[in-house]
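# Examining the three-dimensional arrangement
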Amino acid sequence: MNKSDLIDAMAADAGITKVQAKAALDSFTSNVSKSLADGGRVSLVGFGSFSTAERKARQGINPQTKKPIPIAAKTVAKFKAGSELSDAVNATKKKKKK
């Protein structure tokens with residue numbers, strides 16, 4: 001599912017226009033991004049939690065030349081699935097196996 005498919009599904013489920021669904025999705029992603037950029041965390045009970053983590057600087061290897069290259073430290077976004085989401089994913093996999 002891509003962004004366009006998600007907007008279509010949100011509009012159909014909520015009984016709103018695609019323009020309104022796009023605005024809602026854009027608002028959601030914008031606010032999650034702002035919160036994470038400020039060092040915060042976004043927790044949606046049952047669905048999951050968005051947070052950040054620090055990655056230390058390290059040495060990598062260029063696969064073409066096999067020479068070491070420095071990889072800078074950075075902050076990365078993380079998502080941890082909640083119990084309801086995990087259960088829904090696992091229930092779907094069980095149905096497909098039958």
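Everything in this summary refers to the structure shown in the same document. Keep in mind that what you see is a predicted model, and the values were worked out from it rather than measured. (Residues numbered from 1 in each chain as written. Predicted model: local features only at pLDDT ≥ 70, side-chain atom pairs only at ≥ 80, totals over all residues. Heavy atoms only, no water.)

## Overview of the environment of Gly60
The following threshold applies: Runs of E in the DSSP output that reach at least two residues are strands. Runs of H or I that reach at least four are helices, and both are numbered from the N terminus. Residue contacts are defined here by distance: any two heavy atoms, one from each residue, within 4.5 Å place the two residues in contact.
Tracing the chain through its elements places Gly60 in strand β3 (residues 58–61). Each C-alpha atom of the pair Gly60 and Thr92 lies 38 Å from the other, and the pair is 32 residues apart in sequence. Setting aside residues no more than four positions away along its own chain, Gly60 makes contact with Lys67, Pro68, Ile69 and Ile71.

## Thoughts on the packing of helix α1 (residues 3–14) against helix α2 (residues 18–37)
Stated formally: Axis lines are fitted through C-alpha atoms, for helices just across the contact stretch, and the angle between N-to-C directions can take any value from 0 to 180 degrees. By definition, any crossing whose near helix is turned counterclockwise from its far helix by less than a right angle is left-handed, and any crossing with a clockwise turn is right-handed. Asp, Glu, Lys and Arg are counted as charged, while Ala, Val, Leu, Ile, Met, Phe, Trp, Tyr, Cys and Pro are counted as nonpolar; the rest, among them Gly, fall into the polar class.
Look at α1 against α2: their axes get within 8 Å of each other, and the N-to-C directions meet at 115 degrees. Between α1 and α2 lies a crossing of right-handed hand. Residues Lys3, Leu6, Ile7, Asp8, Met10 and Ala11 of α1 form the contact with α2, whose own contacting residues are Lys18, Ala21, Lys22, Ala24, Leu25 and Asp26. A breakdown of the residues in the contact of α1 with α2 according to their chemical character gives seven nonpolar, no polar and five charged.

## Let's talk about a nonpolar patch on the surface
Definition in use: Only residues whose relative accessible area exceeds 30% and that form no salt bridge are eligible for patches; like-charged ones are grouped when within 9 Å, while nonpolar side chains (Val, Leu, Ile, Met, Phe, Trp, Tyr) are grouped when within 5 Å. The accessible surface values rely on the Shrake-Rupley method and a 1.4 Å probe; as for residues, cover is taken only from the protein chains in view. By salt bridge we mean one thing: a side-chain nitrogen of Lys or Arg within 4 Å of a carboxyl oxygen of Asp or Glu.
Among the surface-exposed residues, Phe28, Leu44, Phe47 and Phe79 lie close enough to one another that they form a single nonpolar patch of about 330 Å² accessible area. Within the element layout of this structure, Phe79 appears in strand β5 (residues 74–81).

## Points about the pattern of salt bridges
Inclusion rule: For the exposure calls, accessible area comes from a 1.4 Å probe over protein chains only, and a residue counts as buried if that area is under 20% of its type's maximum, exposed if over 50%, partly exposed in between.
Inspection of the entire model under this criterion finds three salt bridges. One salt bridge in this structure joins Asp26 and Lys3, with 2.9 Å as the shortest N-O distance. Placement of the pair is Asp26 in helix α2 and Lys3 in helix α1, with a sequence separation of 23 residues. Overall, the relative accessible area of 46% leaves Lys3 in the partly exposed class.

## Thoughts on α1
In an α-helix, one turn spans 3.6 residues, which is why side chains three or four residues apart end up on the same side. The following threshold applies: Each residue after the first adds 1.5 Å to the expected span of a helix. Two N or O atoms count as a polar contact when they lie within 3.5 Å, although within protein this holds only if one can serve as hydrogen donor and the other as acceptor, and sequence-adjacent residues are included solely when both atoms are side-chain atoms.
Its twelve residues give α1 an end-to-end C-alpha distance of 16 Å, which sits within 8% of 16 Å, the value for a rise of 1.5 Å per residue. N-capping of α1 is provided by Asn2, with a side-chain oxygen placed 3.1 Å from the backbone N of Ser4. Taken from the residues just after α1, Gly15 is the one with a positive phi, measuring 65 degrees.

## Thoughts on the side chain of Ser49
Relative to the elements of secondary structure, Ser49 occurs in strand β2 (residues 48–55). Look past the residues within four positions of Ser49 in its chain and what remains in contact with it is Arg41, Val42, Ser43, Lys78, Phe79 and Lys80.

## Notes on the environment of Ala88
Among the secondary structure elements, Ala88 is positioned in helix α3 (residues 83–97). Sequence separation between Ala88 and Phe47 is 41 residues; the distance between their C-alpha atoms is 10.0 Å.

## Focus: the sheet that holds β5
Note the threshold: One bridge is not enough; two strands pair if DSSP finds at least two bridges between them.
Spatially, β1-β2-β5 is the arrangement adopted by the three strands of the open sheet, whose pairing is antiparallel. Looking at which strands have only one partner, the edges of the open sheet turn out to be β1 (42–44) and β5. Across the sheet, the mean angle separating the axes of adjacent strands is 30 degrees when strand polarity is ignored. Summarising the sheet, β2 and β5 pair through eight bridges and their orientation is antiparallel. Residue pairing for β5: Gly48 is matched across the bridge by Ala81. In the packing of α2 onto the sheet, contacts are made with β1, β2 and β5, and the angle to β2 comes to roughly 40 degrees.

Keep in mind that these numbers describe shape and distance, not what the molecule does.
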